[in-house]
Amino acid sequence: MDTQPGAQTNHLRRILPWLNPWWWYFSFRGDRCILAGRFEEAKRWFDKSLSLNPYSGSDYGHRGYACVKLGDVHGGIADYSEAIRINPHVLNHFLNRSAAQISTGDFVNSVADATIVVEKAQDRLFVSAGLLNRGNALIKLGHYDQAIADYTAAIVANPPIVTAYSNRGSAHLAKEEYELAIADTTEALLRDPRYTNAYLNRSLARTKRKDYDGAKADASEAIRLDRKSTRLNSSH
């Protein structure tokens, strides 16, 4: 059966952008800038690449990542959504959109996106990241037991994941389970002694336990690390 002329035209319209060498070049330059942390430059390259090939889900996803890094979270979410529309099988776009939605307070949709990752991912690190995102959204919604369950599952899938220990400690803290909060934040600090949030969470838990000396020491260390981080960032 002959293909209809209109269908042929639409097919060619979608194929030809992928053959444009300038699209390849702009996309490649954008990818290199992302890796180098030059997000403003990366966004400009992806603006150019997408003007030539609006069918590239990966370019939308990478531009979305650059937008979020530049503080344009809503722009990033829009790009992630377009990347998902083009290719709904790439779970990284759901994972990134889930994290961005937490920043905007859209916790319900963040849970939905993270759940897609958890249910469909085959790689345990992806599953762990999805569980972490979902736990982070659930804790914002006040669903502490569910958040604790997700953080625990994230740790099982990826034992070195320091953030899950610290955030599980936050959930225990919210439930007034101070000994469990101290245990989790201490475990996080054993794995990463420079993790500021863990010191802050443990300081709060120790305050509730009336361990004021320990709380003061943790708070002081968190302040010291934060100042050091600020100096390092300002020197670059």
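Presented here is an overview of the structure given in this document. (Residues numbered from 1 in each chain as written. Predicted model: local features only at pLDDT ≥ 70, side-chain atom pairs only at ≥ 80, totals over all residues. Heavy atoms only, no water.)

## What to know about the overall build of the protein chain
- Summing up its helical and strand segments, the protein chain has 13 helices and zero strands in all.
- Reading the protein chain from its N end, one meets helices and strands in the order α-α-α-α-α-α-α-α-α-α-α-α-α.
- Considering the protein chain as a whole, with its 236 residues, one finds that 42% of them fall into the buried category.
- In the protein chain, the proportion of contacts linking residues at least 24 apart, taken out of those at least 6 apart, comes to 44%.
- Element-wise, carbon and sulfur atoms account for 54% of the exposed surface of the protein chain, whose accessible area totals about 13,400 Å².
- Side-chain charges in the protein chain split into 30 positive and 26 negative, and the spacing between the mean points of these groups amounts to 4 Å. (Helix = DSSP H or I, 4+ residues; strand = E, 2+ residues; numbered from the N terminus. Buried < 20%, exposed > 50% of the residue type's maximum accessible area, 1.4 Å probe, protein only. Contact = heavy atoms within 4.5 Å. Areas by Shrake-Rupley, 256 points an atom, 1.4 Å probe, with all protein chains shown as cover. Lys, Arg positive; Asp, Glu negative; His and termini not counted. Charge placed at Lys NZ, Arg CZ, Asp CG, Glu CD.)

## Quick look at the packing of aromatic side chains
- Under the criterion given, the structure shown has eight aromatic pairs.
- Here the aromatic rings of Trp 22 and Tyr 25 are separated by 5.9 Å at their centres, their planes lie at 85°, and the arrangement is edge-to-face. Taken together, the residues span about one helical turn, with Trp 22 and Tyr 25 both in helix 2 (residues 21–36) at a distance of three residues.
- The class for Trp 22 is exposed, based on a relative accessible area of 52%. (Phe/Tyr/Trp six-rings, centres within 6.5 Å; stacked < 30°, edge-to-face > 60°.)

## Topic: helix 6 (residues 91–104)
- For helix 6, which comprises 14 residues, the first-to-last C-alpha distance of 20 Å matches the rise-based estimate of 20 Å (1.5 Å per residue) to within 8%.
- Those residues of helix 6 not exposed but buried are Leu 91, His 93, Phe 94, Leu 95, Asn 96, Arg 97, Ser 98, Ala 100, Gln 101 and Ile 102.
- Here the buried face of helix 6 lies against helix 4 (57–69), helix 5 (73–86), helix 7 (107–120) and helix 8 (124–140).
- In the segment just after helix 6, Gly 105 is the residue with positive phi, at about 85°. (Expected span 1.5 Å × (residues − 1).)

## Regarding the side chain of Asn 53
- By the element assignment, Asn 53 lies in the loop between helix 3 (39–52) and helix 4.
- At 3.1 Å, the side chain of Asn 53 and the backbone nitrogen of Tyr 55 are in polar contact. (Polar contact = N/O pair within 3.5 Å; in protein donor to acceptor, adjacent residues only side chain to side chain.)

## Regarding helix 11 (residues 178–191)
- Between its terminal C-alpha atoms helix 11 stretches 20 Å, which fits the 20 Å expected from 14 residues at 1.5 Å a residue.
- Restricting attention to buried positions, one finds in helix 11 the residues Tyr 178, Ala 181, Ile 182, Asp 184, Thr 185, Ala 188 and Leu 189. Down the axis of helix 11, the buried set is contained in an arc of 170°. They therefore lie on one face.
- Contacts from the buried residues of helix 11 go to helix 10 (162–174) and helix 12 (196–208). (Arc of directions from axis to C-beta.)

## Thoughts on a nonpolar patch on the surface
- The grouping of Ile 15, Leu 16, Trp 18 and Leu 19 at the surface amounts to a nonpolar patch, some 390 Å² of accessible area in total.
- Summarising the element assignment, Leu 16 is placed in the loop between helix 1 (5–15) and helix 2.
- The exposure class assigned to Leu 16 is exposed, which follows from its relative accessible area of 52%. (Patch = residues over 30% accessible without salt bridge, like charges linked within 9 Å, V, L, I, M, F, W, Y side chains within 5 Å. Salt bridge = Lys/Arg side-chain N within 4 Å of Asp/Glu carboxyl O.)

## Some thoughts on the pattern of salt bridges
- Here the structure, examined in full by the defined rule, presents 16 salt bridges.
- Across the pair Arg 63 and Asp 47 runs a salt bridge, and its minimum N-O distance is 2.9 Å. Of the two residues, Arg 63 is situated in helix 4 and Asp 47 in helix 3; the sequence distance between them amounts to 16 residues.
- Notably, a salt bridge pairs Asp 79 with Arg 63, separated by 2.7 Å at the nearest N-O pair. Remark: Arg 63 occurs in helix 4 and Asp 79 occurs in helix 5; sequence separation between them is 16 residues.
- When salt bridges that share partners are traced, they join Lys 43, Asp 47, Arg 63 and Asp 79 into one network.

## Some words on the packing of helix 8 against helix 10
- Look at helix 8 against helix 10: their axes get within 11 Å of each other, and the N-to-C directions meet at 20°. When the axes of helix 8 and helix 10 are compared, the pair comes out roughly parallel. Remark: the crossing between helix 8 and helix 10 carries left-handed chirality. Residues Leu 132, Asn 136 and Ile 139 of helix 8 form the contact with helix 10, whose own contacting residues are Thr 163, Ala 164, Asn 167, Ser 170 and Ala 171.
- Residue composition of the contact of helix 8 with helix 10, grouped by class: four nonpolar, four polar and no charged. (Axes fitted to C-alpha atoms, helices over the stretch in contact; angles between N-to-C directions. Parallel < 35°, antiparallel > 145°, perpendicular 65-115°, else oblique. Left-handed = near helix turned anticlockwise from the far one by under 90°. Nonpolar A, V, L, I, M, F, W, Y, C, P; charged D, E, K, R; others polar.)

## Considerations on the nonpolar core
- Ranked by size, the top nonpolar core spans 33 residues in total, and within it Tyr 151, Ala 164, Ala 188 and Tyr 195 carry the most contacts.
- Secondary-structure elements contributing two or more residues to this core are helix 6, helix 7, helix 8, helix 9 (144–157), helix 10, helix 11, helix 12 and helix 13 (212–234).
- Of all the elements, helix 8 adds the most residues to this core, at six residues.
- With sequence-adjacent residues up to four places away left out, Ala 188 is seen in contact with Val 162, Tyr 165, Ser 166, Tyr 195 and Ala 198.
- Ranked by size, the runner-up nonpolar core spans eight residues in total, among them Phe 39, Ala 42, Trp 45 and Ala 66. (Core = buried A, V, L, I, M, F, W, Y, C linked by side-chain atoms within 4.5 Å.)

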